Amino acid sequence: MKQVATHFFSVRKTALVVILTGLSAVSFAQGGIPIEKNFPEIKSGDWTGPRLADGQPDVQGHWSNTIANHNNFTDPQGGIPNDPNPRPADQGPREGRAPSRVSDPADGQVPLQPWALEKVKEFQVGFHNPVKPEYIEPLARCAPGGVPKSLYWHGYEISQYPGYVLFQFNSGTRIIHLDNKAPLPDNIKLWNGDSRGHWEGNTLVVSVRNHNGKALFGRSGEFISENGTIEERYIFNSERTRYNYVATITDPTVYTRPFTVTIPAKRYTEKDTPNGWHFEVEPATHAGSELILEHYERICAENNGAFGITAK
Amino acid sequence: MSRPLQLTIQWKWYLLTSSLFLVSIFGLQACNKQTAAEANAQTPQASTPANDIPRLANGKPDFSGIWQSTSGADYDLEPHNHREDAPPGAGVVEGKYLPYLPDALEQKKKNFAERKKLDPALKGYTLGVPRGIYYPAPFQVFQREKDLFIVHQFGHSVRTIFTNNTDHPKDPYDWWLGDSRGKWEGDTLVVDARHFNDKTWFDSAGNYHSDVLQVVERWTFLDRNTIEYQATVTDEKVFSRPWSLSVILHRHREKDFQLIEDYHFTLEYDEFYPPKPPVSN
C-alpha cells in the first residue's frame, strides 16, 4: 500500500509540474506568485550584516522573486503574449502592473535586432500552437532555466562555501566560482553558462560566459545567443531580507545595444508559511521541538521531458 | 635505539593532539572537547595520514572537493570478461556476485541483453545511488555542518545528505536519489538512504533494484585526497540478502579543474534552440 501511495504521489507531483508549466492561470490563482508591483532600490555599498568564516556576507537561505513567473519577460504581470484565454487580472492599463524587467533602455523593451525581433514574434504565436519543436519553451522539457530565467522560476536556495556560491534551482544548478580559476575555453557552451564572481561589499558581482543561448527568457521568447555575456550584480540589503538582481546583457549577434535587467527577490525563512511556488519546503522529522524546514530533491522528471505543454 | 624513537612518536602525537585541542578552543566556537576526544579515539596510531585530513570547524571530516572513482565499477559491478562495451574487471562486490532472487536474476539478464536500449544513464536520467558515486564523471561535495550537497556533473543533479540529526520524512515520495540522513561514527560518515524510485540501475550491465532499495554508505578518508566509499545494499524484492560494494574516490587536483554542467537529457532537443540569425546576416 505504501508503495502504491508514494507512486501516486510522485505521479501527482509530475502532473502538477505540467499544470504549472502549461497553465499560468492555475499557478497564479493557487500560488500567489506576484506579491508586489513595485520594489525598493538597494544601493551597492558596505555589508553590515553577518559574515561567514571565510569573510563572505552570509546570504544563505531560500529566496524567490517577488514579481511574477516567466510568462512574460517585459510585462511580467501581463500574462503570456497572445494568450487566447487571457486572465482578467493580467489585463487593464499597463501602469497597473509591475514594470518591465528591462530597466534600461527606458522603454522596457529588449533592444532586439530586426531578425531577432521577428523570431521572438514568431515564437509568441507558435507557443500557443507548437507545430515546430522550437516553439516549445525548453523549460517545459525539463531543460535548465538558464540565466536569468532561473531567478523567476520558483524559489531557490543559496548556500556558500569558501570559494563558491551555490544556487539550487528547481531546474538547474549554478556554481559561482569565487576561486579565481581560469575561465573555461570559449567553445564550451552551457545552459547556465560559466560563472566567475567576487564580492564587493554587499554585492555579489558575477561574470557569465560560455552560454549556449538555448534557455529562453520566458514564454515571451526573448533570447541570447552563444556569443552573449551577462554581467550580474546581486545587491543584498544587510538585513538579508531582500536583494535586487541588476544585470547587463550584451550580445552583438542578437541586440542593438547592451541592456539592463532588474529582478527583485525576497528571502524566506522559518517565519514564512511554505507555499507551492516561492518556498517549497517541508518540516523535517527530528526529536526536538524547533521547526527545521528542508527542501526535497529538485529533479525534473527527465522521462517526462517531452510533455512540452501540448506538443510532443 | 628503539626507545628514543618511541618517545619521538609519542611527542609528535602529543603535539598533534594538543594542537587539535587548541584549535578547538581558539576561533572555532562549534568545536568542543568531546570532538577532540573522539578524534583521538579514532586515530590511535600517530603516523596514520588520517590525522591530516581536512576538517570542518566542528572537527568533523570535510569532504568538500571534486571526486571521482577510477574503479570501472560502472561497467559492471560483478566480475566480467572484456566485451564490446567494457574492459575486463574483477568487480567491486564483496563476495564477487550479487545475490539475486531467481525471478530478479532473469530480469537482470534481460536488462543486460538490452542494455544499449534500457540503460537509464544512456537516456541522461539521474544516476541514482550508489551509481552516481562511481559513474565515470566527477562530482563535487559542498559541505556544511548541517548538510552535504553532492553535485553530480552528469545531469548536474544534486543530492542532499542531511547531517543535522533529522530523520527520514514520515510521508515520503519516491526520489531519484532517495532521502539521505547521515551521522558520524568517529571520522566515518554513515549515510542511510532510502525512499528511492525504481528507475535507476547500479551499472551499465543491467544490475538493478526496486523501489524498496535501501543503501547504507560509509565515507572514510584514507588520506586527505582519497576516500574509501562503501555501500551496503538491501532490496528484498530483488536480492536474497544485503550485499556490499567498495570503491576508492580520488580528489581531482588538476589545475583549474572544475565541474562542467552536463545536462545530458537535453541533447535530443538542443538543436532547436536558440533561434538562428539569417545566413546572410
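Residues numbered from 1 in each chain as written. Chains lettered and ligands numbered in written order. Predicted model: local features only at pLDDT ≥ 70, side-chain atom pairs only at ≥ 80, totals over all residues.

(A) Just the overall build of chain A, in detail. Looking only at helices and strands, chain A features 3 helices and 13 strands. Looking at chain A as a whole, 42% of its 312 residues are labelled buried. Long-range contacts, defined as pairs at least 24 residues apart, comprise 59% of the intrachain contacts of chain A with a sequence gap of at least 6. (Helix = DSSP H or I, 4+ residues; strand = E, 2+ residues; numbered from the N terminus. Buried ≥ 20, exposed ≤ 12 C-beta atoms within 10 Å, placed from the backbone. Contact = placed C-beta atoms within 7 Å.)

(B) Main features of the overall build of chain B. Helix and strand counts for chain B come out as 5 helices and 10 strands. When the 281 residues of chain B are sorted by exposure, 37% land in the buried category. Restricting to contacts in chain B with at least 6 residues of sequence separation, those with at least 24 account for 55%.

(C) Broad picture of the confidence of the model for chain B. A residue-level look at chain B finds 81% of positions with pLDDT of 70 or above and a mean pLDDT of 87. Segment residues 1-47 of chain B: pLDDT under 50, and 34 contacts once partners within four positions in sequence are set aside and those in other chains are kept. (pLDDT = per-residue confidence, 0-100.)

(D) Examining the pairing of strand β2 (residues 139-143) of chain B more closely. Residues and elements named next belong to chain B. The element β2 is largely enclosed, with a buried count of 5 among its 5 residues. Pairing of strand β1 (residues 65-69) with β2, which is carried by 3 bridges, proceeds in the antiparallel orientation. Note on β2: the bridge partner recorded for Trp67 is Phe139. Where β2 and strand β3 (residues 147-152) come together, 5 bridges link them in antiparallel fashion. Across the sheet, Val141 pairs through a bridge with Ile150, a residue of β3. The hairpin turn running from β2 into β3, its antiparallel successor, is 3 residues long. (Pairing = 2+ DSSP bridges.)

(E) Local environment of the interface of chain A and chain B. Listed as interface residues are 51 residues of chain A and, on the opposing side, 45 residues of chain B. Contributions of two or more residues to the side of chain A that touches chain B are made by α1 (2-22), α3 (114-126), β3 (156-161), β4 (164-168), β5 (173-177) and β12 (285-286) of chain A. A per-element tally of the side of chain A that touches chain B places α1(A) first, with 6 residues. Relative to strand β5 (residues 166-167) of chain B, β12(A) runs antiparallel, the two sharing 2 bridges. In the strand pairing of β5(B), His286(A) is matched with Thr166(B).

(F) Highlighting the environment of Asn38(A). Tracing the backbone through its elements, the reader meets Asn38(A) in the loop between α2 (24-31) and β1 (61-65). Spatially, the C-alpha atom of Asn38(A) lies 18 Å from that of Pro105(A), the residues being 67 residues apart in sequence.

(G) Inspection of the environment of Pro34(A) at higher detail. Residue and element names in this part refer to chain A. Within the fold, Pro34 resides in the loop between α2 and β1. The exposure class of Pro34 is partly exposed, given the 18 C-beta atoms found within 10 Å. Here Pro34 is in contact with Ile67, Ala68, Gln77 and Ala98, once residues within four sequence places are set aside.

(H) The arrangement of the nonpolar core in detail. If you look at the biggest cluster of nonpolar residues, it comprises 105 residues, and the most contacted ones within it are Tyr245(A), Leu77(B), Ile150(B), Ile227(B), Tyr229(B), Leu245(B) and Val247(B). By residue number, the principal contributor to this core is strand β9 (residues 242-250) of chain A, which donates 5 residues. Those residues in contact with Leu245(B) that lie beyond four places of it in its chain are Ala73(B), Leu77(B), Val92(B), Val93(B), Glu94(B) and Ala231(B). (Core = buried A, V, L, I, M, F, W, Y, C linked by C-beta atoms within 7 Å.)

(I) Structural view of the sheet that holds strand β9 (residues 226-234) of chain B. Residues and elements named next belong to chain B. Spatially, 9 strands are ordered β1-β2-β3-β4-β6-β7-β8-β9-β10 in a closed barrel, and the strand pairing comes out mixed. Going across the sheet, the axis of each strand differs from the next one's by a mean of 30°, ignoring polarity. Sheet topology note: the β3/strand β4 (residues 158-162) ladder contains 5 bridges and is antiparallel. When the sheet's bridge partners are listed, Val151 is paired in β4 with Val158. (Axes fitted to C-alpha atoms, helices over the stretch in contact; angles between N-to-C directions.)

(J) Structural view of the confidence of the model for chain A. All names here are of chain A. Confidence in the prediction of chain A, expressed as mean pLDDT, is 88, and 87% of residues score 70 or more. For the stretch residues 1-31, pLDDT sits under 50, and the model shows 33 contacts to residues farther than four places along the chain or on other chains. The low-confidence segment residues 303-312 (pLDDT under 50) makes 21 contacts with residues lying over four places distant or belonging to another chain.

(K) Looking closely at unusual backbone geometry. Residue and element names in this part refer to chain B. In this structure, the amide linkage connecting Val129 to the following residue, Pro130, adopts the cis form with an omega of 5°. Backbone torsion omega between Tyr273 and Pro274 reads -15°, so that peptide bond is classified as cis. By secondary structure assignment, the location of Pro274 is in the segment after β10 (243-251). Positioned with a positive phi, Lys96 is a non-glycine residue whose angle comes to about 75°.

(L) Structural context of the pairing of strand β8 (residues 229-236) of chain A. All names here are of chain A. When strand β7 (residues 203-209) meets β8, the two strands line up antiparallel, connected through 6 bridges. Bridge pairing in β8 links Leu204 to Tyr234. Looking at chain direction, β8 and β9 are connected through 8 bridges and run antiparallel. Paired with Phe236 across the strands is Tyr243, a residue of β9. Turn length for the β8-β9 hairpin, with the two strands adjacent in sequence and antiparallel, is 5 residues, and the turn residue Arg240 shows positive phi of about 65°.

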